[in-house]
Amino acid sequence: MFALMQSSRLESLHLSVDPATGLKAVIAIHCSRPGPALGGCRYLSYPDDETAVADAVRLAQGMSYKAALAGLPVGGGVAVIMRPAHVDSRAALFEAFGRCIEQLDGRYITAIDSGTSVADMDCIAQQTRHVTSTTAAGDPAPHAAMGVFAGIRATAMARLGSDNLESLRVAIQGLGNVGYALAEQLHAAGAELLVSDIDPGKVQLAMEQLGAHPIANDALLSTPCDILAPCGLGGVLNSHSVAQLRCSAVAGSAHNQLSNLQVADQLERRGILYAPDYVINSGGLIYVALKHQGEELPTITAHLSKIGARLTEVFAHAQAEKRSPARVADELAERLLYR
């Protein structure tokens, strides 16, 4: 565990249990130098404790990099709650988690993430003020999608020579809150949508409302398209899956898309432009961070619009240095965090 913390430069790792509610939680704080660590709370099933801790550590590091490149006065952190097979009261479990956050005295601010909802954040807010994405704060998903849409336009410009998305074939893997909102924006821009999701109901809805073409989950990555947009869980890009890709670029909202940095180099060798996930998907963090600080929507929207410019900067450095944008983005973030 300490080796994992040291290799990722994690500041602290907090483990909490509450037998009365079944809570088993991990809070990873990666860097609090710019300000309090802010990041989502995941509520997922994990095969073992080590996997949950590793997920939290990787995500927390990504949140630090994301905040740094987004120019936000917050650090990076993440919470992972291991979803039990049975829970008597979900509300009580999240209230217990709220008490865990309160004990950190403002060092970590939590938000919505995979498996959690606005209602869960409302329960946490009963015990601590160090939470956002509540009913009062609003759902960050539409704003995250807005940022990814801007990033896809920047990616299209860098790889295809135009940011006009009309008739562009975009393959979306995952139609959750962010993925579906992104699909709506791409449809409005005239893009042709290829979609997959483990929930057939979401695919059917995209077909009916957006004219999307359904693709089997195990076939999407090898389907010809202009841009692949991973919008589900992480780890989708590995040495095997990258070898199957038939796209010009990868640009989506999923966290931790790369299984490792060598995969980024593989994408580069194949001539597939990669939009670093924590740059293109920073819209949700921008929204919750600025909303928590009391900023109004016009200010938040203006900040979201900078995501495309930041990606363009990363792409330019990568092209000049003939390296993967993923490696360039990591170095830029580390310079900002540890200068």
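Residues numbered from 1 in each chain as written. Predicted model: local features only at pLDDT ≥ 70, side-chain atom pairs only at ≥ 80, totals over all residues. Heavy atoms only, no water.

1. Focus on the pairing of strand β7 (residues 192-196)
- Judged by how many residues are buried, β7 sits mostly within the fold: 4 of 5 residues are covered.
- Sheet topology note: the strand β6 (residues 169-173)/β7 ladder contains 5 bridges and is parallel. Bridge pairing links Arg169 to Glu192 in β7.
- On the question of chirality, the crossover connecting β6 to the parallel β7 by way of helix α6 (residues 177-188) is right-handed.
- Regarding the hand of the β-α-β motif, the stretch spanning β7, helix α7 (residues 200-210) and strand β8 (residues 213-214) is right-handed. (Buried < 20%, exposed > 50% of the residue type's maximum accessible area, 1.4 Å probe, protein only. Helix = DSSP H or I, 4+ residues; strand = E, 2+ residues; numbered from the N terminus. Pairing = 2+ DSSP bridges. Right-handed = clockwise from strand over helix to strand, strands pointing away.)

2. Quick notes on the environment of Met207
- Position of Met207 among the secondary structure elements: in helix α7.
- Take Met207: its relative accessible area is 31%, and that puts it in the partly exposed class.
- What Met207 contacts, discounting residues up to four positions off in sequence, is Ala212 and Pro214. (Contact = heavy atoms within 4.5 Å.)

3. Some words on helix α9 (residues 261-269)
- For α9, the set of buried residues is Val263, Ala264, Gln266 and Leu267. On an axial view of α9, the arc spanned by its buried residues comes to 160°, and they lie on one face.
- Buried positions along α9 lie against α8 (239-244), β11 (273-274) and α14 (325-338).
- Between a side-chain oxygen at the N-terminus of α9 and the backbone nitrogen of Gln262 the separation is 3.0 Å; the capping residue is Asn260. (Arc of directions from axis to C-beta. Polar contact = N/O pair within 3.5 Å; in protein donor to acceptor, adjacent residues only side chain to side chain.)

4. A short note on the UniProt feature "binding site: NAD(+)" (unreviewed entry) in the protein
- Cross-referencing UniProt, the feature "binding site: NAD(+)" (unreviewed entry) maps to Gly174, Leu175, Gly176, Asn177, Val178 and Gly179 in the present numbering.
- Of note, Leu175 is situated in the loop between β6 and α6.
- Under the relative-accessibility criterion, Leu175 is labelled buried at 2%.
- Summarising the element assignment, Asn177 is placed in helix α6.
- Judged by relative accessible area, Asn177 falls into the exposed class, the value being 56%.
- The residues contacting Asn177, other than those within four sequence positions of it, are Asp139 and Ala141. (UniProt positions renumbered as here; feature names shortened; annotations may be inferred.)

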